[in-house]
Amino acid sequence: MASPSSYSSSVLCFLAYCFLELFAVSTLAAAPRRPVNVPFQKNYVPTWAYDHIKSFNGGNEIQLHLDKYTGTGFQSRGSYLFGHFSMQIKMVPRDSAGTVTAFYLSSQNSEHDEIDFEFLGNRTGEPYILQTNVFTGGKGDREQRIYLWFDPTKAYHSYSVLWNMYQIVFFVDDIPIRVFKNSKDLGVRYPFNQPMKLYSSLWNADDWATRGGLEKTNWANAPFIASYRGFHIDGCEASAEAKFCATQGRRWWDQKEFRDIDSYQYRRLSWVRRRWTIYNYCQDRSRYPTMPPECRRDRDL
Ligand SMILES: *[C@@H]1O[C@H](CO)[C@@H](O)[C@H](O)[C@H]1NC(C)=O
């Protein structure tokens, strides 16, 4: 049984904890929570070509291998409706032309929702392209493309998605590179009732990936290797058929400060727009003579 003194010290601890919590919330503003480290097998399973996935350090780090026979990929065990989904990746180094490394969320039905990061490799010393896309109700064709401000093959960087009822934000490290606002009021479908799994894969796409398919994969350089770590998943787990999440509205990503990006994040995003963007479907007049409705919000960013 607890003595009175140990009781009061635990109250004190509790108060100190509250203080720390308040402090953390106010200093972090709207930065997503940092993921903790868990091994691959806790949250993920291989999707195909199991022998092309190598595990290190008890599964805290894995590699995907692509050779001329096959690429490979993995997927989350669970399905999720909203959350913050992050992965640390070190892209295929040196001559990666023709290869694509993808990290994405997707629902499993025909009118599917999907949130994509695709990293298009390049010749040694030439820049990768990061292409993002959003599918809602089976409709995609919303590509944006950027160059990165660092060499993604030299070190691990985190690529993450914040997804709640209000917005989908793509982050590279802590910098927002894209925001897809809920534009239901403009008649645009928004992912809100179909749980998604996380997927990642490495494959050969030399028919389109590098300089529009001009640069082919050089198999003399195989295997091509992408490295991963950071397998924590911070989402509301739901069965694949669920239409809502049991804890919806009560998780950190549902709170007010995550309904929009803050002013610091706006400045970072506009820096990405100015300095690093190479393609934005919202500005492609030949492809879209009439601007897609959600682009009205994209323009305000
Ligand atoms: C590859 O490098 C070329 C030349 O610098 C560049 O035009 C292209 O955008 C780069 N990235 C890809 C994926 O093609």
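Residues numbered from 1 in each chain as written. Predicted model: local features only at pLDDT ≥ 70, side-chain atom pairs only at ≥ 80, totals over all residues. Heavy atoms only, no water.

1. Here's the deal with the site of the ligand
At step 1: The environment of the ligand is made up of Leu120, Gly121, Asn122, Glu126, Pro127, Ile129, Tyr147, Ala209, Thr210 and Arg211.
At step 2: One nitrogen or oxygen atom from the side chain of asparagine 122 is found 2.5 Å from an oxygen atom belonging to the ligand.
At step 3: At a separation of 3.0 Å, a nitrogen atom of the ligand approaches a polar backbone atom of proline 127.
At step 4: Relative to its free-state accessible area of 360 Å², the ligand is covered by the protein chains to the extent of 75%. (Near = heavy atom within 4 Å. Polar contact = N/O pair within 3.5 Å; in protein donor to acceptor, adjacent residues only side chain to side chain. Areas by Shrake-Rupley, 256 points an atom, 1.4 Å probe, with all protein chains shown as cover.)

2. Some points on the state of the cysteines
Note: disulfide means a covalent bond formed between the sulfur atoms of two cysteine side chains.
At step 1: Per the stated rule, a full pass over the model turns up two disulfides.
At step 2: The partner cysteine of cysteine 236 in its disulfide is cysteine 245, sulfur to sulfur 1.9 Å. In this structure the cystine formed by cysteine 236 and cysteine 245 twists about its S-S bond by roughly 95 degrees; its chirality is therefore right-handed. Like cysteine 245, cysteine 236 is buried.
At step 3: The side chain of cysteine 282 participates in a disulfide bridge whose partner is cysteine 295; the two sulfur atoms lie 2.0 Å from each other. Measuring handedness by torsion sign, the sulfur bridge of cysteine 282 and cysteine 295 sits at about -80 degrees and is left-handed. (Disulfide = S-S within 2.5 Å. Buried < 20%, exposed > 50% of the residue type's maximum accessible area, 1.4 Å probe, protein only.)

3. What about the environment of glycine 187?
At step 1: Structurally, the position occupied by glycine 187 is in the loop between β12 (175-181) and β13 (197-204).
At step 2: On a C-alpha basis, the gap between glycine 187 and glutamate 294 in space is 8.5 Å, while along the polypeptide they are 107 residues apart. (Helix = DSSP H or I, 4+ residues; strand = E, 2+ residues; numbered from the N terminus.)

4. Notes on the sheet that holds strand β7 (residues 114-120)
Either a parallel or an antiparallel arrangement is found when strands of a sheet pair, and the pairing is made through backbone hydrogen bonds.
At step 1: Here we have eight strands laid out as an open sheet, ordered β1-β4-β13-β6-β7-β8-β9-β16, and antiparallel in their pairing. At either margin of the open sheet sits one strand with a lone partner, and together these are β1 (44-48) and β16 (277-280). The mean angle between the axes of side-by-side strands here comes to 15 degrees, regardless of whether they run parallel or antiparallel.
At step 2: Bridge count between strand β9 (residues 144-146) and β16: three bridges; the pairing is antiparallel. (Pairing = 2+ DSSP bridges. Axes fitted to C-alpha atoms, helices over the stretch in contact; angles between N-to-C directions.)

5. Description of the UniProt feature "active site" (unreviewed entry) in the protein
At step 1: Here, the residues flagged by UniProt with the feature "active site" (unreviewed entry) are Glu114 and Glu118.
At step 2: With respect to the element layout, glutamate 114 can be found in strand β7.
At step 3: Beyond its immediate stretch of four places on either side in the chain, glutamate 114 contacts Tyr104, Leu105, Ser106, Asn133, Val134, Phe135 and Met196.
At step 4: A distance of 2.9 Å separates the side chain of glutamate 114 from the side chain of histidine 112, its partner in a polar contact.
At step 5: With respect to the element layout, glutamate 118 can be found in strand β7.
At step 6: On the basis of relative accessibility, which here comes to 15%, the residue glutamate 118 falls in the buried class.
At step 7: Residues in contact with glutamate 118, not counting those within four places in the same chain, are Val100, Thr101, Ala102, Ile129, Leu130, Gln131, Trp203 and Trp208. (UniProt positions renumbered as here; feature names shortened; annotations may be inferred. Contact = heavy atoms within 4.5 Å.)

6. Side note on the environment of glycine 78
At step 1: Structurally, glycine 78 is set in the loop between β4 (72-76) and β5 (79-90).
At step 2: Given the relative accessible area of 5%, glycine 78 is considered buried.
At step 3: Residues glycine 78 and isoleucine 233, spaced 155 residues apart in sequence, show a C-alpha to C-alpha distance of 9.4 Å.
At step 4: Residues in contact with glycine 78, not counting those within four places in the same chain, are Met196, Lys197 and Glu237.

7. Brief notes about a nonpolar patch on the surface
At step 1: Nonpolar side chains collect at one region of the surface, where Met165, Tyr166 and Phe192 lie side by side and expose about 250 Å² of accessible area between them.
At step 2: Within the secondary structure layout, phenylalanine 192 lies in the loop between β12 and β13.
At step 3: Judged by its relative accessible area of 37%, phenylalanine 192 is partly exposed. (Patch = residues over 30% accessible without salt bridge, like charges linked within 9 Å, V, L, I, M, F, W, Y side chains within 5 Å. Salt bridge = Lys/Arg side-chain N within 4 Å of Asp/Glu carboxyl O.)

8. Let's talk about the environment of aspartate 185
At step 1: Counting through the fold element by element, aspartate 185 comes out in the loop between β12 and β13.
At step 2: With 109 residues separating them along the chain, aspartate 185 and glutamate 294 place their C-alpha atoms 9.7 Å apart.
At step 3: A polar side-chain atom of aspartate 185 sits 2.7 Å from a polar atom in the side chain of arginine 297.

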